[in-house]
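Chain residues, written in single-letter form:
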Amino acid sequence: MKAVVLTKPTRGGDVRLTECALPKVRPGWVLVRVRAFGMNHSEQLLRLSEIRADHIRKPIIPGIECVGEIADPSDSSFRKGQRVAALMGGMGRSFNGSYAEYALLPAHHVFAVSSELPWEELAAVPETCFTAWGSLFTCLRLQPEDTLLVRGATCALGYAAIQLAKALGCRVIATARRESSLSLLSEADRAVLDTGRLEGTLPGVTKALELVGPKTLSDTLRCMQKGGIVCSTGVLGGIYTLNGFDPIRDIPNGVYLTGFYSNSPTQESMDQIFRFLTERRLKPRIGKCFDFSRINQACAAQDAGTVSGKIVVRM
């Protein structure tokens, strides 16, 4: 089979397909014929720098999500040819992931999919929509009457969060760092240029999805009305921890802080997501779709940041 195999930091334009042996099935694991996969920021970090870390198995086929068909169900309850989605659980880090024509995956992180979406659109759902869904509904407990702030909204996760929140009936305020990007946030009720300090400029915000991360988290907390909740999910700002963070001083009285880590998807949560998409007649927003033979161009586009929305690769 053809696959992307990484052993060292690799720029997008230098990514190449290589011939690999088809994975051998073993108990507890299923072989998935990959039909398409979405690309994620974490894969870019792995490819450019994290590949050096000791906790990354090398050589490694990257890719934390995919959609496809069961090629060999092994000892699982899946059937051959069944449509599935797979995500997280160590994909592309602890074991080989989805940048390949076939992927051997632990059965407990592979989920049956009941959807008529074409493969390209289906591939934009698993990781992005699961993270948005968990952030909005598990952590923020989003309700139709809420005003949601999405900070750092011009990314695949931001677009998905806006789409889900608007479908629920919420008012959405979305931010971007560049004035030229504000036009990309037309689905939101209000698009705001993020100067780094928004405190006092956004009255009425009851929930906030923080995608910039620790760089703006303290300011986001101060944007909330009393009783509001902030969910820290992304790290687009490039700062991963808050040194000197004082919860007593930095979390305003009556405001709540939580976070979402997307490593524990379930069949129930995936069913809920696809049911919501079907009932609301929502289609995932795709920035650009590449053929697998052009994976280097897809990775180069990811590095350049020239694609607005989810990058999808199809077989």
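Look a little higher up for the structure.
To keep things clear, this report deals only with the structure shown in the data block. (Residues numbered from 1 in each chain as written. Predicted model: local features only at pLDDT ≥ 70, side-chain atom pairs only at ≥ 80, totals over all residues. Heavy atoms only, no water.)

Looking at helix H7 (residues 267–279)
Applied cut-off: In this description a helix means any DSSP run of H or I spanning at least four residues, a strand means any run of E spanning at least two, and both kinds are numbered starting from the N terminus. The span one expects for a helix is its residue count, reduced by one, times 1.5 Å. Burial classes follow relative accessibility: with a 1.4 Å probe on protein chains only, a residue under 20% of its type's maximum area counts as buried, one over 50% as exposed, and anything between as partly exposed. Taking the helix axis as origin, the arc is that swept by the directions to the C-beta atoms.
In this model, H7 (13 residues) spans 18 Å end to end at C-alpha, consistent with the 18 Å of a helix rising 1.5 Å per residue. Every buried residue of H7 is accounted for by Ser 269, Met 270, Ile 273, Phe 274, Phe 276 and Leu 277. Taken around the axis of H7, the buried residues stretch over an arc of 155°, which confines them to a single face. Facing away from the buried side of H7 by more than 90 degrees, the exposed set consists of Glu 268, Thr 278 and Glu 279. Immediately downstream of H7, the backbone of Arg 281 shows phi near 55°, a positive value.

Examining the packing of aromatic side chains
To be explicit about the condition: To pair, rings of Phe, Tyr and Trp, with the six-membered ring standing in for Trp, must have centres within 6.5 Å; the planes then decide the type, stacked if under 30 degrees apart, edge-to-face if over 60, and tilted in the middle. Throughout this description, the term charge over a ring refers to an Arg CZ or Lys NZ atom that lies within 6 Å of the ring centre and within 35 degrees of the ring normal.
One pass over the full model with this rule turns up 7 aromatic pairs. Pairing Trp 133 with Phe 137 gives two aromatic rings, centres 4.5 Å apart and planes at 55°, and the pair type is tilted. Here Trp 133 pairs with Phe 137, and both are found in helix H3 (residues 126–139), just 4 residues apart, close to one helical turn. Where Trp 133 meets Phe 276, the ring centres are 5.3 Å apart and the plane angle is 75°; that geometry is what we call edge-to-face. Pair noted here: Trp 133 is in helix H3 and Phe 276 is in helix H7, with a separation of 143 residues, a long-range link. Each member of the pair, Trp 133 together with Phe 276, is buried. Among the aromatic side chains, those forming a connected cluster through ring pairs are Phe 37, Tyr 99 and Phe 292. Here the guanidinium or amino end of Arg 26 rests over the ring plane of Trp 29, the centre of that ring lying 4.0 Å away. Its end group placed over the ring of Trp 119, Arg 83 keeps NZ or CZ at 4.2 Å from the ring centre.

Focus: the sheet that holds strand S13 (residues 256–259)
Rule in force here: At least two bridges found by DSSP between two strands are what make those strands a pair. To obtain each axis, a line is fitted to C-alpha atoms, and for helices this fit is confined to the stretch in contact; angles are then taken between N-to-C directions over 0 to 180 degrees.
Pairing is parallel across the open sheet formed by 6 strands, whose spatial order is S10-S9-S8-S11-S12-S13. In the strand order of this sheet, the two ends are held by strand S10 (190–193) and S13, each with one partner. Adjacent strand axes in the sheet meet at a mean angle of 20° when their direction is disregarded. Relative to strand S12 (residues 229–232), strand S11 (residues 207–210) runs parallel, the two sharing 4 bridges. In the strand pairing of S12, Lys 207 is matched with Ile 229.

By themselves, these figures tell us nothing about what the structure is for.
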